[in-house]
Amino acid sequence: MQGEADRQRELLDVEALAGHLLPAGSVFAFLAAHRLELFPASMFADLFPSGLGRPSIPPEVIASVLVLQALHGYSDREAAEALTFDLRWKAACGYAVDAAGFHPSTLTYWRKRLASSKRPQRIFEAVREVITATGSLAGKQRRALDSTVLDDAVARQDTITQLIASIRRVARDVGGAAEVVTTHCTRLAQVTGQDYTVTGKPRIAWDDEAAREELVTALVNDALALLTALDAAHQDEAGAPDGLAVIEAAGGNAAQAVTLLALVAGQDVEPAEGSDGTDGRWRIARKTAPDRMISTVDPDARHAHKTRERRQDGFKAHVVIEPDTGLMTKVALTRTTGTDNSDASVGAALVTTDPTLTDTTDVQVLGDSAYASGSMFATLDAQKWAPVLKPWPLRPAVPDGFTLDDFTHDPTARTLTCPAGTTRTVSPKGNATFGAACTGCPLRARCTTAKDGRTITLGEHHHLQREHRRRAQDPDFQAVYRQHRPMVERSIAWLTRGARRVPYRGVTKNDAWLHHRAAGLNLRRLLRLGLTLQDGTWAIA
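Residues numbered from 1 in each chain as written. Predicted model: local features only at pLDDT ≥ 70, side-chain atom pairs only at ≥ 80, totals over all residues. Heavy atoms only, no water.

Draft legend 1. View of the overall build of the protein chain. Regarding its fold elements, the protein chain presents 19 helices and 15 strands. In terms of overall dimensions, the protein chain has C-alpha extents of about 90 × 70 × 45 Å along its principal axes. A buried classification covers 49% of the 541 residues belonging to the protein chain. For the protein chain, the proportion of contacts with a sequence separation of at least 24, taken over those separated by at least 6, is 66%. Carbon and sulfur atoms provide 51% of the accessible area of the protein chain, an area that totals close to 26700 Å². Each charge class in the protein chain was averaged separately, 64 positive and 64 negative side chains, and the resulting centres sit 5 Å apart. (Helix = DSSP H or I, 4+ residues; strand = E, 2+ residues; numbered from the N terminus. Buried < 20%, exposed > 50% of the residue type's maximum accessible area, 1.4 Å probe, protein only. Contact = heavy atoms within 4.5 Å. Areas by Shrake-Rupley, 256 points an atom, 1.4 Å probe, with all protein chains shown as cover. Lys, Arg positive; Asp, Glu negative; His and termini not counted. Charge placed at Lys NZ, Arg CZ, Asp CG, Glu CD.)

As C-alpha cells, this is what we get:
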C-alpha cells in the first residue's frame with residue numbers, strides 16, 4: 001500500500017532545526033518547503049491500487065530522492081547514504097536528524113513500478129506542469145532542438161568476447177542448453193584447450209592472422225551448431241517446424257539469449273578469403289556493420305559518430321528547449337543508430353508533441369544542420385511552422401563548380417534545367433539524367449567529370465529544402481539563429497556536466513534517468529528565474 005508522511009514534524013526535524021542554513025534558491029530548500037505541492041500523494045496512487053500490505057516509503061520522498069539522485073549523479077547506494085548522513089538531503093525529504101534512510105533496493109523497486117505504469121515520466125511531467133503554471137513559456141513560440149551522445153555504462157567488447165559471452169549466456173538462461181553446449185560446442189576446446197566454462201579470452205598467438213581466423217571459425221561454428229541443436233530439440237518438444245521460434249515466442253531471458261547469439265554470430269564475421277561461405281571457414285568482417293551491437297552486457301549500446309573526429313559508444317539524448325529560458329520541454333534517449341533514431345526523426349516527433357506549445361501559430365523551430373532533412377521540412381510545413389534550421393551544405397561535383405541550386409527545378413512540371421539550359425524530366429524515383437546533352441557542352445568542366453554525363457537525384461522533399469536554403473540567406477533568418485541558438489548549447493552543457501556517462505544499461509532505464517535529470521535541471525533553472533508559490537499558485541517573481 002502507499003505510504004504517507006507524518007504531517008507533524010518530529011522534534012529533531014532537520015528543516016525545522018537548520019532549514020535556514022539551506023542555500024536560498026537551491027533545489028534542497030525548494031523541496032524542503034514544497035515537495036508535497038510538487039509531488040502530491042495522489043500523483044502516485046495508481047502505483048499502489050491495493051490498500052493492503054506494509055506501507056511504502058511516502059511517494060514525495062522517493063520522487064525527491066530520484067530528482068536529487070539524477071541531479072547529483074549518485075548511485076542508489078550513494079543516494080541512500082546521502083539521505084542518512086547529509087543534512088541537506090534530510091531537510092529536502094522531511095527527515096529527522098536521527099532518521100535512517102531506506103535500503104538502496106527501494107529505488108530500484110520504485111523505478112520498476114514507474115516504468116511499468118501508464119505514466120512512467122510523471123516526475124518530469126510534474127515539473128513541466130509547474131513551468132506551464134508559472135506562465136514563463138506563455139507567448140514563447142520558439143523551440144530549439146539538439147542532441148548529444150552519452151557514454152554507455154559498459155566496456156566495448158570485441159567479436160571474440162561477444163561470441164564466448166553469448167554462448168555462455170545461452171547455456172545459463174535456456175533450459176537444457178548447458179548440456180547442449182557441452183555436447184555440440186567442442187571446437188573451441190579443440191583449437192585452444194579451453195571450453196565455455198572459462199570466462200577469459202583464449203590463449204592463442206594473437207599476432208598470427210591464421211591463428212585468429214582459426215579461433216573465429218571455431219567460435220562461429222560452435223554458435224551455429226548450438227543454434228541448430230536448440231532448434232532441433234525444441235522442434236521435438238513442441239512439435240513445431242521452427243524450434244527457435246518457440247523459444248523466442250516464450251520470451252524472457254531465454255529468448256533474449258538466443259536472439260543475441262544469432263545476432264553476434266552474424267554481425268561481425270564473413271567467409272574467409274577463398275571461401276564461398278559453405279565450407280565453415282570464417283574471419284572478422286573487414287567493415288563494421290551499420291547497426292553493430294558493441295556489447296552483450298548492454299545490447300542497446302551502439303557506436304556513435306557525432307562528428308568525424310569525435311567517436312563514442314553509448315546512447316543519444318535528444319532535447320527540446322525554449323531558447324529564452326533554457327527550460328527543457330521534451331527529452332528522449334535513444335540508440336545512436338537507425339533512421340528512426342536520427343536527430344531529425346526524433347526531433348520532429350518531440351517538438352510536434354510538445355504540450356507547452358498551446359498556441360501552435362507562428363512557431364519557429366531552431367536546430368543545426370542535423371535537423372535539416374527533407375522529412376523534417378515536410379513535418380514543419382504540414383504544421384505551418386517556420387524552420388530556422390542550418391541548411392545542409394551543398395558540395396559541387398567538381399571543385400568550384402555548379403551546385404544543385406544552379407539547376408532550375410520546377411516541382412509542378414517535375415523538370416530540372418541545367419545551367420546550360422538543357423531541361424530533363426525528373427523520374428518518379430527523383431532522377432534527372434542529362435547524359436548525351438553533356439557531350440560538347442561548354443560548361444561541362446564546371447559541372448561533371450562523369451564519362452556518361454551528369455545525373456542528379458532529387459530527394460522527395462527537395463523543393464522544400466531548396467526553398468529553405470534560399471530563406472537561410474536572409475539576414476533576418478541569420479540574426480534569429482545567432483541570437484536564439486546559443487542557449488540550447490548551454491542547456492546541453494548543463495545536462496552533461498558530471499553526467500556524460502549513463503548510469504544504467506538499456507534504452508528504457510536510461511531514458512527514465514534522463515527524464516529525472518531533466519526534471520532536476522528544470523527545477524534548478526526555474527528557481528534561478530525566481531520560482532515562488534503564491535497563494536497556492538506557481539509564479540516567477
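Draft legend 2. Structural context of the pattern of salt bridges. As enumerated under the stated definition, the model contains 21 salt bridges in all. A salt bridge links D146 to R485, with the nearest nitrogen and oxygen atoms 3.3 Å apart. Within this pair, whereas D146 is found in strand 1 (residues 142-151), its partner R485 is found in the loop between helix 17 (475-484) and helix 18 (486-496), the two being separated by 339 residues in sequence. For D279, the salt bridge goes to R281, with nearest N and O atoms at 2.9 Å. According to the relative accessible area criterion, R281 is partly exposed, its value standing at 34%. Each of D146, D368, R485 and E489 takes part in a single network of salt bridges with overlapping partners. (Salt bridge = Lys/Arg side-chain N within 4 Å of Asp/Glu carboxyl O.)

Draft legend 3. Local environment of the side chain of T337. Turning to its location among the elements, T337 is positioned in the loop between strand 6 (327-334) and helix 14 (343-351). Residue class for T337 comes out buried when judged on its relative accessible area of 15%. Excluding anything up to four places from it in sequence, T337 contacts P290, D291, R302 and H303.

Draft legend 4. Fine view of the packing of aromatic side chains. What the rule picks out here adds up to five aromatic pairs. A centroid spacing of 6.0 Å and a plane angle of 75° characterise the contact between F44 and W110, whose relative ring orientation is edge-to-face. One end of the pair, F44, is in the loop between helix 2 (27-38) and helix 3 (59-72); the other, W110, is in helix 6 (residues 105-115), with 66 residues separating them in the sequence. Each of the two residues, F44 as well as W110, counts as buried. With a centroid separation of 5.7 Å and 55° between ring planes, the pair formed by F407 and F434 is classed as tilted. On the criterion of sequence distance, the pair formed by F407 in the loop between strand 8 (386-389) and strand 9 (408-410) and F434 in the loop between strand 12 (431-433) and strand 13 (455-457) is long-range, its members being 27 residues apart. Across the pair, exposure class does not vary: F407 and F434 are buried alike. Put simply, the rings of F44, F48 and W110 touch in pairs and so form one group of aromatic residues. Over the face of the ring belonging to W206 we find K201, whose NZ or CZ atom lies 5.0 Å from the ring centre. (Phe/Tyr/Trp six-rings, centres within 6.5 Å; stacked < 30°, edge-to-face > 60°. Lys NZ or Arg CZ within 6 Å of the ring centre and 35° of its normal.)

Draft legend 5. Region of the structure containing the nonpolar core. Counting 76 residues, the largest nonpolar core has L31, F39, F44, V65 and I123 as its most contacted members. Once you skip the residues sitting within four places of it in the chain, I123 turns out to touch F39, M43, F44, A63, L66, V67, L114, H516 and A519. (Core = buried A, V, L, I, M, F, W, Y, C linked by side-chain atoms within 4.5 Å.)

Draft legend 6. Region of interest: the packing of helix 3 against helix 6. One way to put it is that helix 3 packs onto helix 6 with a least axis distance of 11 Å and a crossing angle of 100°. As the angle between them shows, helix 3 and helix 6 are arranged roughly perpendicular. The residues of helix 6 that touch helix 3, namely those facing P59, I62, V65, L66 and Q69, are T106, L107, W110, R111 and L114. Here the residues of the contact of helix 3 with helix 6 sort into seven nonpolar, two polar and one charged. (Axes fitted to C-alpha atoms, helices over the stretch in contact; angles between N-to-C directions. Parallel < 35°, antiparallel > 145°, perpendicular 65-115°, else oblique. Nonpolar A, V, L, I, M, F, W, Y, C, P; charged D, E, K, R; others polar.)

Draft legend 7. Molecular detail of the sheet that holds strand 11 (residues 423-425). Sheet architecture is open: three strands sit in the order 9-10-11, paired in antiparallel fashion. In the strand order of this sheet, the two ends are held by strand 9 and strand 11, each with one partner. Put simply, the sheet's adjacent strands are angled 20° from each other on average, direction ignored. (Pairing = 2+ DSSP bridges.)

Draft legend 8. Spatial organisation of the environment of Y481. Positionally, Y481 belongs in helix 17. In this structure Y481 comes out as buried when scored by relative accessible area, which is 15%. The sequence separation of Y481 and D298 amounts to 183 residues, and the corresponding C-alpha distance is 38 Å. Excluding anything up to four places from it in sequence, Y481 contacts L366, G367, D368, V388, K390 and P486.

Draft legend 9. Layout of helix 9 (residues 177-184). Where helix 9 is concerned, the buried positions are A177, V180 and V181. Down the axis of helix 9, the buried set is contained in an arc of 100°. They therefore lie on one face. Facing away from the buried side of helix 9 by more than 90 degrees, the exposed set consists of E179, T182 and T183. (Arc of directions from axis to C-beta.)

These figures capture arrangement, not role.
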